[in-house]
Amino acid sequence: LQFAHEHGCFLVTCNRDDFVELTQRQPHHGIIVIVRRRTRAAERAALFRLLERAGETGLKDNINFS
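Reading guide: rules and limits
Residues numbered from 1 in each chain as written. Predicted model: local features only at pLDDT ≥ 70, side-chain atom pairs only at ≥ 80, totals over all residues. Heavy atoms only, no water. Helix = DSSP H or I, 4+ residues; strand = E, 2+ residues; numbered from the N terminus. Rg over C-alpha atoms; globule rule 2.2 N^0.38 Å. Buried < 20%, exposed > 50% of the residue type's maximum accessible area, 1.4 Å probe, protein only. Contact = heavy atoms within 4.5 Å. Areas by Shrake-Rupley, 256 points an atom, 1.4 Å probe, with all protein chains shown as cover. Salt bridge = Lys/Arg side-chain N within 4 Å of Asp/Glu carboxyl O. Pairing = 2+ DSSP bridges. Axes fitted to C-alpha atoms, helices over the stretch in contact; angles between N-to-C directions.

A.B. asks: How would you sum up the overall build of the protein? Please name residues and give values.
C.D. replies: Per the secondary structure count, the protein includes 3 helices and 3 strands. When the helices and strands of the protein are read in sequence order from the N terminus, they spell out α-β-α-β-α-β. Its C-alpha atoms give the protein a radius of gyration of 12 Å, within 12% of the compact-globule value 11 Å for 66 residues. Dimensions of the protein, computed from the C-alpha atoms along their principal axes, are close to 30 × 25 × 15 Å. Counting all 66 residues of the protein, 29% fall into the buried class. Put simply, 44% of the contacts in the protein that link residues at least 6 apart link residues at least 24 apart. Looking at the protein as shown, the accessible area adds up to about 4,600 Å², and 52% of this sits on carbon and sulfur atoms.

See below:
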């Protein structure tokens, strides 16, 4: 999370519990939590839907679930 913040990046993870907790204590530019699905293709499709709906401004500084 710190590395992503220092480089102005979003963090993309499947590890919701640890990173959502860390956001309470550390600055971040935004987090995308990928919810596990039956296939990687379904996870990828959900991620692309999130990106299309939210755009960069909707993702920035938020915790987003796809």
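A.B. asks: Could you give an account of the pattern of salt bridges, with specific residues and numbers?
C.D. replies: In this structure the tally under the stated criterion is 4 salt bridges. We note a salt bridge from Arg 25 to Glu 21, for which the minimum N-O separation is 3.4 Å. For Arg 40, the salt bridge goes to Glu 43, with nearest N and O atoms at 3.0 Å. Linking Arg 40 with Glu 43, this pair stays in helix 3 (residues 40–59), spanning 3 residues, or about one helical turn. Owing to a relative accessible area of 7%, Glu 43 belongs among the buried residues under this scheme.

A.B. asks: How would you sum up the sheet that holds strand 1 (residues 11–13)? Please name residues and give values.
C.D. replies: Strand order in this open sheet of 3 strands is 1-2-3, and the pairing throughout is parallel. Two strands bound the open sheet, and with one partner strand each, they are strand 1 and strand 3 (63–65). On average, each strand axis in the sheet is tilted by 20 degrees relative to the strand beside it, whichever way the strands run. Here 3 bridges tie strand 1 to strand 2 (residues 31–33), and the two strands are oriented parallel to one another. Its bridge partner being in strand 2, Val 12 is matched across the sheet by Ile 32.

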